[in-house]
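A structural walkthrough
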Amino acid sequence: MKNTSFVWHPNTQMSEWESFDEIKSAKGVWLTDSNGNKMIDAVASMWCNVWGHSNPKLIKCIQNQSKKLQHSSMFNLTNGPAEKLAKKLIEVSPGMHRVFYSDNGSSAMEIAIKMSLQYWKNIGESKKTQIATLKNGYHGDTFGAMSVGYVPEFFKKFKKQLFSTIQFPAPNRYRIPNGLTFSDYESQCIEKIEKKFQKNNDIAAFVMESGAQVAGGVIIYPDNFQRRISRLCKKHDVLLVLDEIATGFGRLGSMIEYKKQKSIPDIVAFGKMLTGGYLTMAATLANKKVYNSFLGEFNEWKHLFHGHTYTGNPIAASIAIENLNMYEKNNLIKKIQKTQKIFEKYYQEISGIDIVGDIRHKGMLMGIELVSNQERKTPVSPKKSINKIFFEEGKKNGIYLRTLGNIVMIVPPLAITENELNLLLKRVIKTIKAAKSQLI
Ligand SMILES: Cc1ncc(COP(=O)(O)O)c(C=O)c1O
């Protein structure tokens with residue numbers, strides 16, 4: 001494949017890569033490349049794979065639906081699988097009332113932002129135009145999503161074109177400001193939000209990831225953090241928009257993370273795991289209050305001006321239904337809660353590696369932060385991309401890895417077995433040790 005490809009790869013310095021390995025097939029947690037090499041998919045194909053690859057039930061579902069209806073528009077029409085899936089999503093998502101479909105997580109968040117801003121216009125409240133967010137959050141790569149999930153290293157080149165938001169810190173247990181306990185720090189973060197809410201009544205919505213900031217480096221919220229924000233939103237009449245694209249449907253060991261966090265969103269977005277990682281689909285759900293504000297006479301122009309060509313695709317919807325049914329039939333959430341304990345077995349060995357600064361883990365998600373100086377917590381910063389170093393070393397050890405900055409991300413398919421996870425974590429440890437000399 002050397003130099004014959006015309007593909008421009010995502011988030012990649014193309015000059016670093018001569019070619020890309022071609023994945024020819026995959027089964028369970030194993031990816032097989034064109035040379036026959038096998039690697040464990042340690043990132044669940046960008047955090048979305050649930051049952052492993054080539055699951056016969058999901059394949060059958062694609063086959064069956066594709067014989068009946070491949071795609072038909074949701075403009076003026078509907079289709080059975082999209083209807084059935086919406087019903088299912090409403091059943092599992094407390095407080096939600098309607099489902100708006102899109103094709104990917106970034107779009108689902110664009111829609112959530114639009115819904116939250118237009119809600120206030122629809123009810124005649126023109127002052128509420130600001131969006132509040134958490135620093136270090138990530139919500140996708142489109143312009144609205146970049147605005148609310150502003151990661152400076154990724155997006156500063158577009159800063160002028162992005163809309164401004166009010167950002168609040170999220171408490172990071174590894175980087176507590178001097179002189180504070182973690183609990184003080186958390187309270188300080190909450191107080192900042194409350195003060196601002198008391199002063200400004202122009203905040204339309206608070207947008208945050210549910211349960212943890214994933215792309216921001218696996219920052220897991222302390223127990224009551226999200227609940228406290230939810231309460232403040234209700235008290236000060238700010239809509240709460242939760243992003244469960246990476247954290248919903250089991251990644252953190254819960255089906256619906258906002259329920260676990262005892263928080264009450266007005267709008268919530270799901271993606272990634274929705275179709276088990278087989279087809280592209282996302283959904284933005286709104287509660288009755290938000291949805292009803294969009295109703296009116298046609299010439300009031302209250303309806304939502306948003307729609308994508310592949311919205312509500314019946315093949316994607318039917319696979320999502322089967323996927324969600326399989327969660328119930330296989331008791332997946334219970335299984336995850338058990339399997340996730342395997343991670344704990346390796347804490348000590350991983351933290352014993354001298355470039356490991358911190359391990360952050362919840363459910364089927366682990367972030368290992370690499371530092372060149374443990375005391376100063378200085379992130380490793382080699383000239384070559386850390387991702388490439390880990391990809392190459394991982395490959396030698398039979399795992400497919402993609403890092404985020406100085407964080408090694410372990411995000412396996414949710415149904416990975418205990419034996420497979422043991423093997424994966426042993427290989428991760430080997431890989432970190434092997435990569436060390438190239439990192440500092
Ligand atoms: C929390 C969160 N929101 C939104 C997105 C964007 O989803 P997509 O990549 O499907 O556009 C991601 C992707 O990683 C994410 O982690």
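As the structure is a computational prediction, the values presented were derived from the model and not from experiment.

What counts and how
Residues numbered from 1 in each chain as written. Predicted model: local features only at pLDDT ≥ 70, side-chain atom pairs only at ≥ 80, totals over all residues. Heavy atoms only, no water. Domains from an automatic or database assignment. Contact = heavy atoms within 4.5 Å. Buried area = accessible area lost by both parts, 1.4 Å probe. Salt bridge = Lys/Arg side-chain N within 4 Å of Asp/Glu carboxyl O. Polar contact = N/O pair within 3.5 Å; in protein donor to acceptor, adjacent residues only side chain to side chain. Core = buried A, V, L, I, M, F, W, Y, C linked by side-chain atoms within 4.5 Å. Buried < 20%, exposed > 50% of the residue type's maximum accessible area, 1.4 Å probe, protein only. Helix = DSSP H or I, 4+ residues; strand = E, 2+ residues; numbered from the N terminus. Expected span 1.5 Å × (residues − 1). Arc of directions from axis to C-beta. Near = heavy atom within 4 Å. Areas by Shrake-Rupley, 256 points an atom, 1.4 Å probe, with all protein chains shown as cover. Nonpolar A, V, L, I, M, F, W, Y, C, P; charged D, E, K, R; others polar. Pairing = 2+ DSSP bridges. Patch = residues over 30% accessible without salt bridge, like charges linked within 9 Å, V, L, I, M, F, W, Y side chains within 5 Å. Axes fitted to C-alpha atoms, helices over the stretch in contact; angles between N-to-C directions. Parallel < 35°, antiparallel > 145°, perpendicular 65-115°, else oblique. Left-handed = near helix turned anticlockwise from the far one by under 90°. Disulfide = S-S within 2.5 Å.

Quick notes on the domain arrangement of the protein chain
According to the domain assignment, the protein chain contains domain 1 (14–55 + 335–439) and domain 2 (60–329). The C-alpha centroid of domain 2 is placed 27 Å from the C-alpha centroid of domain 1. Taken together, the contact pairs 34 residues of domain 1 with 26 residues of domain 2. Taken over both partners, the interface formed by domain 1 and domain 2 buries close to 2,500 Å², and the fraction arising from carbon and sulfur atoms is 59%. Connecting domain 1 to domain 2 are 2 salt bridges. Of the charged contacts in the structure, one is a salt bridge between E257 and K362, with a shortest N-O distance of 3.6 Å. Our count for the contact surface shared by domain 1 and domain 2 stands at 15 residue pairs in polar contact (both at pLDDT 80 or more).

Here we look at the nonpolar core
Ranked by internal contacts, the top residues of the largest apolar core, which has 88 residues, are F206, I229, Y327, I368 and L370. Here this core spans two domains, and each of domain 1 (14–55 + 335–439) and domain 2 (60–329) adds at least three residues to it. Contacts of Y327, omitting those with residues within four sequence positions, involve V50, W51, F249, M255, M273, L332, I333 and L414. The next biggest cluster of nonpolar side chains, apart from the first, holds 24 residues, and it includes V148, A205, A282 and A286.

Description of helix α2 (residues 56–68)
For α2, spanning 13 residues, the distance from its first C-alpha to its last is 19 Å, which sits close to the expected 18 Å at 1.5 Å a residue. Here α2 has its buried residues at L58, C61 and Q65. Seen end-on, α2 carries its buried residues on one side only, within an arc spanning 55°. Residues of α2 that are exposed and point over 90 degrees away from its buried face: P56 and K67. Looking at the buried residues of α2, the elements they touch are α3 (80–92) and α11 (314–329). Between the side-chain oxygen of the N-cap and the backbone nitrogen of K57 there are 3.0 Å, and the N-cap of α2 in question is N55.

With respect to the site of the ligand
Taken together, W47, N104, G105, S106, Y138, H139, G140, E209, D243, I245, A246 and K272 are the residues near the ligand. Here G105 contributes a backbone N or O atom positioned 2.8 Å from an oxygen atom of the ligand. Separating an oxygen atom of the ligand from a side-chain N or O atom of S106 is a distance of 2.6 Å. The fraction of the free accessible surface of the ligand (390 Å²) that becomes covered by protein chains is 82%. Here the shell around the ligand is built from residues that sort into 4 nonpolar, 5 polar and 3 charged.

Some details on the sheet that holds strand β3 (residues 38–41)
The mixed open sheet is built from 4 strands, whose spatial order is β1-β2-β3-β16. The open sheet terminates on both sides in strands that have one partner only, identified here as β1 (23–27) and β16 (399–400). Where β3 lies against β16, 2 bridges are found, and the strand directions are parallel. Opposite I40, over in β16, you have I399 as the bridge partner.

Things to note about a nonpolar patch on the surface
A surface patch of nonpolar side chains, amounting to about 390 Å² of accessible area, comprises F298, W301 and F305. With respect to the element layout, F305 can be found in the loop between α10 (288–293) and α11. Residue classification places F305 among the partly exposed positions, given a relative accessible area of 45%.

What to know about the sheet that holds strand β4 (residues 98–102)
A sheet is described by the order of its strands in space; here 7 strands give the open sequence β4-β12-β11-β10-β7-β5-β6, paired in mixed fashion. Both edges of this open sheet fall to β4 and β6 (166–168), since each of them pairs with a single strand only. For this sheet, the mean angle separating the axes of adjacent strands, direction not counted, is 20°. Sheet analysis places strand β7 (residues 203–209) next to strand β10 (residues 239–243), joined by 5 bridges and oriented parallel. Across the sheet, M208 pairs through a bridge with L242, a residue of β10. Packing against the sheet, α3 makes contact with β4 and β12 (282–286), and its axis sits at approximately 125° to β4. Each of β4, β5 (130–134), β7, β10, β11 (267–270) and β12 touches helix α4 (residues 105–122); the most contacted strand, β12, lies at about 20° to it.

Looking at the packing of helix α15 (residues 386–396) against helix α16 (residues 418–439)
Viewed as axis vectors pointing N to C, α15 and α16 meet at an angle of 140°, and their least axial separation amounts to 9 Å. Considering the angle they form, α15 stands oblique to α16. In this structure, α15 meets α16 at a crossing whose hand is right-handed. Residue-level contacts link I386, I389, F390, E393 and G394 of α15 to T431, I432, A434, A435, Q438 and L439 of α16. When the residues that make up the contact of α15 with α16 are grouped by side-chain class, the tally is 7 nonpolar, 3 polar and 1 charged.

Overview of the state of the cysteines
As enumerated under the stated definition, the model contains 0 disulfides in all. C233 takes part in no disulfide bond, and the closest cysteine sulfur to it belongs to C189, at a distance of 15 Å.

A short note on the pattern of salt bridges
One pass over the full model with this rule turns up 18 salt bridges. Ionic pairing is found between D266 and K234, a salt bridge with its closest N-O pair at 3.7 Å. Taken together, the residues D266 in the loop between α9 (257–260) and β11 and K234 in helix α8 (residues 225–235) connect sequence positions 32 residues apart.

A closer look at the packing of helix α7 (residues 182–199) against α8
Contact geometry for α7 and α8: axes closest at 11 Å, N-to-C directions at 10°. Comparing the axis directions of α7 and α8 gives the class roughly parallel. Of the two possible hands of crossing, α7 and α8 adopt the one that is right-handed. Across the interface between the two elements, E186, S187, C189, I190, I193, E194 and F197 from α7 touch F225, R228, I229, L232, C233 and K235 from α8. Of the residues that constitute the contact of α7 with α8, the class distribution is 8 nonpolar, 1 polar and 4 charged.

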